[in-house]
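Residues per chain, in single letters:
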Amino acid sequence: MTIATTGASGSIFLRELLRIVERDSRVSAANFITSDSGLRVMAEELDLPGREKVVERLLGAKSSKIVQQSNDDIGANVASGSYGCDAMIVMPCSMGTLSRIANGNAEHLIERAADVCLKEKRPLVLCVREAPLNKIHIRNMYRAADAGATIFPLIPALYNRPDSIEEIARQFACRVLQHIGLPQEGMYRWKGGP
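Residues numbered from 1 in each chain as written. Predicted model: local features only at pLDDT ≥ 70, side-chain atom pairs only at ≥ 80, totals over all residues. Heavy atoms only, no water.

**Let's talk about the sheet that holds strand β4 (residues 88-93)**
Piece 1. Spatial ordering of the open sheet is given by β3-β2-β1-β4-β5-β6, a layout of six strands whose pairing is parallel. For this open sheet the edge positions go to β3 (66-70) and β6 (150-151), each flanked by a neighbour on one side alone.
Piece 2. Bridge analysis of strand β5 (residues 124-128) against β6 gives two bridges, and the strand direction is parallel. Following the sheet pairing, Leu126 is matched in β6 by Ile151.
Piece 3. Contacting β1 (2-5) and β2 (30-34), helix α2 (residues 36-46) crosses the sheet at an angle of about 85° to β2. (Pairing = 2+ DSSP bridges. Helix = DSSP H or I, 4+ residues; strand = E, 2+ residues; numbered from the N terminus. Contact = heavy atoms within 4.5 Å. Axes fitted to C-alpha atoms, helices over the stretch in contact; angles between N-to-C directions.)

Written as structure tokens, this is what we have:
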């Protein structure tokens, strides 16, 4: 699995996703990539300045399975289709990253890893975050979806009456993981009825 983050607001959603992946015994290894803009957003939203030991600081402990990759390392393992990767999640996904993925501009590792998922027909989930959307954003979402990506807007559910923003972020992360075949035990499931 590959998890990436870019320069859109919503770092708390990323943090909850990483915490769940770290605990999930079905995930043996995960690669984590952050853009420079993603680092900036994490510094602003989570008070996590710098680029060293980002995963450890997000988790609050050293990871046993999540390895941080440099977005400048276009020769990293996830840049090749021969590297076994089950899925990729970009959370949050900025409109700039969406544009580069949708238009095949793979200058950095995040976009290259996404391009590999598309060409190898592996799940690619783009948790886009922007409001309002302009026509360029909508066209790029269409292009990415047409190429095989899942557009999973970072829009949390509230029907479960969450007690905190962490719970909102955790439930959203659970829904994304369920989408790639990793349903979570703690996920709220709507039961319907009056």
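**Concerning the packing of aromatic side chains**
Piece 1. A complete count under the given rule lists four aromatic pairs for this structure.
Piece 2. For the ring pair Phe13 and Phe172, a centre distance of 5.6 Å and an interplane angle of 85° mean the geometry is edge-to-face. Here the residue Phe13 occupies a position in helix α1 (residues 11-23), and Phe172 occupies one in helix α7 (residues 165-179), the gap between them amounting to 159 residues.
Piece 3. When its relative accessible area of 2% is taken as the criterion, Phe172 is described as buried.
Piece 4. Judged by centre distance (5.4 Å) and plane angle (90°), the rings of Phe152 and Phe172 are edge-to-face. With Phe152 in the loop between β6 and α7 and Phe172 in helix α7, this residue pair connects regions lying 20 residues apart in the sequence. For the pair Phe152 and Phe172, a shared accessibility class is recorded, and that class is buried.
Piece 5. Every member of this aromatic cluster is reached through a ring pair, and the members are Phe13, Phe152 and Phe172. (Phe/Tyr/Trp six-rings, centres within 6.5 Å; stacked < 30°, edge-to-face > 60°. Buried < 20%, exposed > 50% of the residue type's maximum accessible area, 1.4 Å probe, protein only.)

**A look at the packing of α1 against α2**
Two packed helices can be described by the angle between their axes and the distance between those axes.
Piece 1. Here α1 crosses α2 at 95°, and the two axes come no closer than 9 Å. With respect to each other, α1 and α2 are oriented roughly perpendicular. Contacts between α1 and α2 involve Ser11, Ile12, Leu14 and Arg15 on the former and, on the latter, Val41, Met42, Glu45 and Leu46.
Piece 2. Considered class by class, the residues forming the contact of α1 with α2 number five nonpolar, one polar and two charged. (Parallel < 35°, antiparallel > 145°, perpendicular 65-115°, else oblique. Nonpolar A, V, L, I, M, F, W, Y, C, P; charged D, E, K, R; others polar.)

**Digging into the pattern of salt bridges**
Piece 1. Tallied over the full model, the rule gives 11 salt bridges.
Piece 2. Note that Asp24 is salt-bridged to Arg26, the shortest N-O span being 2.7 Å.
Piece 3. Note on Asp24: relative accessible area 7%, which makes it buried.
Piece 4. According to the relative accessible area criterion, Arg26 is partly exposed, its value standing at 45%.
Piece 5. One network of salt bridges, in which partners are shared, links Arg15, Glu16, Arg19, Glu166, Glu167 and Arg170. (Salt bridge = Lys/Arg side-chain N within 4 Å of Asp/Glu carboxyl O.)

**Examining the pairing of β5**
Piece 1. Counting buried residues in β5 gives five out of five residues, a clear majority hidden from the surface.
Piece 2. Alternating residues of β5 divide into Leu124, Leu126 and Val128 and Val125 and Cys127, and every residue in both groups is buried.
Piece 3. Examined bridge by bridge, β4 and β5 share four bridges and lie parallel to one another. Residue pairing for β5: Ile89 is matched across the bridge by Val125.
Piece 4. As a crossover connection, the stretch from β5 through helix α6 (residues 135-147) into β6 is right-handed. (Right-handed = clockwise from strand over helix to strand, strands pointing away.)

**Examining the packing of helix α4 (residues 95-102) against α6**
Piece 1. Packing of α4 against α6 brings their axes to within 9 Å, and their N-to-C directions diverge by 45°. Accordingly, the angle class assigned to the pair α4 and α6 is oblique. In the packing of α4 onto α6, the handedness of the crossing is left-handed. Residues Met95, Leu98, Ser99 and Ala102 of α4 form the contact with α6, whose own contacting residues are His137, Asn140, Met141, Arg143 and Ala144. (Left-handed = near helix turned anticlockwise from the far one by under 90°.)

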